[in-house]
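# Tertiary structure, described
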Amino acid sequence: MKAWVLPQLTLRVRLVLYTMALSLTLNLILVLFINALATALFPQTEIAFTTPGLSIPPPDGSGPAPLTGIAHQLLDQLRLISALGVGVITVLTGAGAYWLAGRTLRTLRTVSRAAQQISAHTLDTRLALSGPHDEVKEIADAFDGLLDRLERAFAQQGEFVADAAHELRTPLTTLRANLEVVHADPAATLADYRAMALVWERALTRLDQLVESLLILATAPHGLAQEPTSLQPLLRDVLDSLAALAAQHQVTLTLVPSPDVVLGADGTLLARAFSNLIENGIRYNRPGGTVTVASRRTTAGAVILVQDTGIGIAPQDQAHIFDRFYRVDRSRARYRGGAGLGLAIVEHIIKQHGGTIQVASVLGSGTTFTIRLPQSEPALT
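Cut-offs and rules
- Residues numbered from 1 in each chain as written.
- Predicted model: local features only at pLDDT ≥ 70, side-chain atom pairs only at ≥ 80, totals over all residues.
- Heavy atoms only, no water.
- Helix = DSSP H or I, 4+ residues; strand = E, 2+ residues; numbered from the N terminus.
- Core = buried A, V, L, I, M, F, W, Y, C linked by side-chain atoms within 4.5 Å.
- Buried < 20%, exposed > 50% of the residue type's maximum accessible area, 1.4 Å probe, protein only.
- Contact = heavy atoms within 4.5 Å.
- Salt bridge = Lys/Arg side-chain N within 4 Å of Asp/Glu carboxyl O.
- Patch = residues over 30% accessible without salt bridge, like charges linked within 9 Å, V, L, I, M, F, W, Y side chains within 5 Å.
- Areas by Shrake-Rupley, 256 points an atom, 1.4 Å probe, with all protein chains shown as cover.
- Pairing = 2+ DSSP bridges.

## So, unusual backbone geometry
With phi around 55°, Gln250 is a residue other than glycine that occupies positive phi space. Mapped onto the elements of the fold, Gln250 is located in the loop between α7 (243-248) and β2 (252-255).

The structure is reproduced here in structure tokens:
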């Protein structure tokens, strides 16, 4: 046999029912108290002093005097009036609660209607509720804050897609242009095709690097391989892999010896982050410059410093260097093969590991990146 289920009631009706139930309970308690008090006091007060010729037997010490007929009538009238009063007050309380609930929930209905009308093209909608800072205003302000974050996220997503499409289109255009030039030349030789193959190889390498970078940026925190990772050997391997590039740019790489720190991390991704930082320090350095990497243990985990003696970063650019596809010098970055994703990948990987990264730079003197990684495993956010 199925249990009887009450129909779903609106919040406004539930508030009214709760208020009426509370009012009824409190009024009944008050009425019972008044009637009990009247029953105890009527025989010795009202009847004795207001009814001429009425004789009340004195109490025998075991309780109040027995009620007379008049006292019974008065108490019956009192109980009837009390019962009617309880009913009237309960109904009036319900009506008042219904009206107050309607006024209180009006803003919530506005939020609900606004939420139903929200789309990708109306994210600029705001409630901007005025009035006292109460719970309802907190909900409205939270809704406005949610719309702010969504609007920024959609704008960033649109910019990211546009920038990614632009970056992908550049090497594809190069591939197509070279192919059309060679095919349009009936006298093209084997040397022409070999030259085209070299151009294609560079363009395809750039495409491969760009796609790999985009995949890293799309990696979720729960996709990390949590393994014990020794920091000093990892940094040494990164420096060794960049030794040829450093020699080409006449830059000296230095790893400051320090006690090793073992972290729970994805060693491959961390190596990619440090490699991007050190490679930037090499490419944007001066002949005879240096890139110094140092690490130290802390009570919370580890701190890694990557310091170079390069060209530095202007103050107005420092706030944007971690933005995706952002280039401090677009012409020079494109010439050197950059897509503006290197530092964005670094920040993404560090945040995946629950860490932070900060930059301090002076134009013409160099740049220092400070990375803090926790000892514990990263939080999945």
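Continuing now.
## Concerning the nonpolar core
Counting 44 residues, the largest nonpolar core has Phe274, Ile278 and Ile304 as its most contacted members. Of the residues forming this core, the biggest block, seven residues, is contributed by helix α8 (residues 267-283). Setting aside its immediate chain neighbours within four residues, Phe274 contacts Leu231, Leu234, Leu235, Val238, Ile304, Ile371 and Leu373. Formed by five residues, the second largest nonpolar core is a distinct cluster that contains Val111, Ala114, Leu123 and Phe143.

## Some words on the side chain of Ser275
Relative to the helices and strands, Ser275 is located in helix α8. Not counting residues within four places of it along the chain, the set of residues in contact with Ser275 comprises Val238 and Leu242.

## Some remarks on the pattern of salt bridges
Per the counting criterion, the structure on display carries three salt bridges. Between Arg283 and Glu279 there is a salt bridge; the shortest N-O distance is 2.9 Å. Here the residue Arg283 and the residue Glu279 both occupy positions in helix α8, the gap between them amounting to four residues, near one helical turn. Residue classification places Glu279 among the partly exposed positions, given a relative accessible area of 23%. In this structure, the salt-bridge partner of Lys351 is Glu347, at a minimum N-O distance of 3.6 Å. Residue Lys351 and its partner Glu347 are both found in helix α11 (residues 342-352); the two are separated by four residues, about one turn of the helix. You can call Lys351 exposed: its relative accessible area is 52%.

## As for a nonpolar patch on the surface
A surface patch of nonpolar side chains, about 610 Å² in accessible area, is lined by Leu9, Leu11, Val13, Leu15, Leu17, Tyr18 and Tyr98. Note on placement: Leu9 falls in the segment before α1 (11-41).

## As for the pairing of strand β7 (residues 366-374)
Every regular strand shows the same layout, with side chains that alternate between the two sheet faces. For β7, the tally of buried residues reaches seven of nine residues, placing the bulk of the element in the interior. Relative to β7, strand β5 (residues 301-308) is paired through eight bridges, and the arrangement is antiparallel. If you follow Gly301 over to β7, its bridge partner there is Pro374. With seven bridges joining them, strand β6 (residues 356-362) and β7 adopt antiparallel strand pairing. Its bridge partner being in β7, Ala360 is matched across the sheet by Thr368. A loop of three residues connects β6 with β7, the two strands running antiparallel in sequence, and Gly364 in this loop sits at a positive phi of about 85°.

Shape is all these values report; function is a separate question.
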